[in-house]
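Here are the chains, one letter per residue:
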Amino acid sequence: MTSHRLETPLHYSPVPESPVYGYGCLTAEPQLERVSRAIASGRLSAIGGSQVPELERLTAFYTGRAYALATSSATAGLEVALRALGIGGGWEVVVPALGWVSVAGAVAATGATVRVAPIEESLTPSWDHIAPLVGPTTAAVVVAHLRGRPASDIARIAAELRNREIPLIEDCAQAWGAGNDHSRPVGRYGKVAVFSVQAYKLIAAGEGGLTVCDDADLMAKMRTLAGDTRVPAYRPTWRGNSRMSEITAALAIPQLQALDDLTGQLRRLQRQVADLLTEQSSAEIVLPQDREPDDSNGMHVGAWWPSAQAAQTLWQECYSTGLCAWHPTPGDLHSHHAWPVQAESESADISRYLDLQIPALHPRLHHTFLDSVRSTLDKAGLLTRPDAR
Ligand SMILES: Cc1ncc(COP(=O)(O)O)c(C=O)c1O
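The sections below set out a description of the structure shown in this document.

The rules behind these values
Residues numbered from 1 in each chain as written. Predicted model: local features only at pLDDT ≥ 70, side-chain atom pairs only at ≥ 80, totals over all residues. Helix = DSSP H or I, 4+ residues; strand = E, 2+ residues; numbered from the N terminus. Expected span 1.5 Å × (residues − 1). Buried ≥ 20, exposed ≤ 12 C-beta atoms within 10 Å, placed from the backbone. Arc of directions from axis to C-beta. Pairing = 2+ DSSP bridges. Axes fitted to C-alpha atoms, helices over the stretch in contact; angles between N-to-C directions. Left-handed = near helix turned anticlockwise from the far one by under 90°. Contact = placed C-beta atoms within 7 Å. Near = placed C-beta within 6 Å. Nonpolar A, V, L, I, M, F, W, Y, C, P; charged D, E, K, R; others polar. Right-handed = clockwise from strand over helix to strand, strands pointing away.

1. Regarding helix α1 (residues 28-41)
Working note: α-helix, 3.6 residues per turn, so residues spaced by three or four point in the same direction. In this model α1 runs 20 Å from its N-terminal to its C-terminal C-alpha over 14 residues, within 8% of the 20 Å that 1.5 Å per residue would give. Of the positions making up α1, those classed as buried are Gln31, Arg34 and Ala38. Buried positions in α1, seen along its axis, are confined to an arc of 70 degrees and lie on one side of it. Residues Ala28, Glu29, Glu33, Ser36 and Ala40 are exposed on α1 and point more than 90 degrees away from its buried face. Positive backbone phi, at 75 degrees, marks Gly42, one or two positions downstream of α1.

2. A look at the pairing of strand β11 (residues 300-304)
Along β11, four of the five residues are buried, which leaves the element largely enclosed by surrounding structure. As paired strands, strand β10 (residues 285-287) and β11 are joined by three bridges and run antiparallel to one another. The partner of Val286 across the bridge, within β11, is Ala303. Where β11 lies against strand β13 (residues 353-357), five bridges are found, and the strand directions are antiparallel. Along β13, the bridge assignment pairs Val301 with Leu356.

3. Brief notes about the packing of helix α9 (residues 259-280) against helix α11 (residues 366-379)
The interhelical angle for the contact between α9 and α11, taken along N-to-C directions, is 30 degrees, at an axis separation of 11 Å. Viewed along their axes, α9 and α11 form a crossing whose handedness is right-handed. Counted together, Leu269, Gln272, Val273, Leu276 and Gln280 of α9 and His366, Phe369, Leu370, Val373 and Arg374 of α11 form the full contact between these two elements.

4. A few points about the site of the ligand
What surrounds the ligand is a group of 14 residues, the closest being Ser73, Ala74, Thr75, Ala173 and Ser196. At the level of secondary structure, the elements contributing two or more residues to the shell around the ligand comprise α3 (74-84) and α4 (101-109). Across the shell around the ligand, the residue classes tally to five nonpolar, eight polar and one charged.

5. What to know about the pairing of strand β2 (residues 92-96)
Here β2 lies mainly inside the structure; four of its five residues are buried. Across five bridges, β2 lies against strand β3 (residues 113-117) in parallel orientation. Note on β3: the bridge partner recorded for Val94 is Arg115. Assessed by its sense of winding, the connection that carries the chain from β2 through α4 to β3 is right-handed.

6. What about the sheet that holds strand β1 (residues 67-71)?
As summarised here, the arrangement of the seven strands in space is β1-β9-β8-β5-β4-β2-β3, forming an open sheet in which the pairing is mixed. With partners counted over all chains shown, the strands left at the sheet margins are β1 and β3, one partner each. Looking at each pair of strands side by side, their axes are set apart by 20 degrees on average, direction ignored. Strand contacts of α4: β2, β3, β4 (138-144) and β5 (168-171), with the helix running at about 175 degrees to β2, the strand carrying the most contacts.

Below, the structure written as structure tokens:
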């Protein structure tokens, strides 16, 4: 990946000898060191501290954007961005049918109307799904880069929205380390892009988010709304408090510095798992596909299975083997089916989808992991070439 290299990249040594899914623990030492320094400094607030500004600077640099704002969550950053864009009652915002409930919730909280665009097997909507929902009252469109892979039609969606002067908001919560356009980090197309450092994300600091953009005025408005009391208000404004704490930033910085190292490692095993599913299982579509492995952050291999039952059986087998897998069962808050507003036209049937999380693991042990994937597929009756190695 020809990503933006940070000045002080971190490398893991040694790489783990047993599967690690909570990647944040790989940089536990430099995190602890930073947290100790933050505590010793006596400055724990973003206002007056040094960790939050450093994380903001590194995030802006890494994503190739001019500015970054650290917030208490990606959802908080998104809501601040929507408000700073002047979005509220009387406006509509289009969100994808697969994402996270609080994204649509942030739109609803501004008073705007939520419109839900259906998704296809890439897990994201194409422009053709979004276009029918766009009209004179559309204030913004949110596109999510899900499961560590760039949204497949993002370039076209961005171009069509630019022609209509409608802001695009990229939801990169799950996409740290993913890239597009020759593997440049995601988050460059949108008027704003939001990233999450919540506990289950590739950079995991418990709770927190980063919002990036290139527009100085918009950033000043977002800072004001998010509660940066040092920024003069553009007019008398109710300021909230969506600030990130110094401790959160201290946890996130070493993980961002090690991001390229981690994604490089994950992608190696991810490619082998994707090949296994493609060549030896009943999976109908495997993600990432051949042409895009370097654009994924390496965190998952997704697949569409022949039926919802097959996906569910595999999910149960993964659970008993100890493999980390995601399969959206009824009520899963990633899917619009569990939200107060649903997509207005048919989406791909997400109940046939299951993805496996790729652990950080020493390459010497990759074959052991592949064997356990193979045996899990076998138990679920989804291995088509049981003897292949
Ligand atoms: C796709 C997506 N968007 C947004 C969010 C919200 O992030 P946060 O929990 O930091 O508000 C999440 C978190 O799960 C997510 O998965």
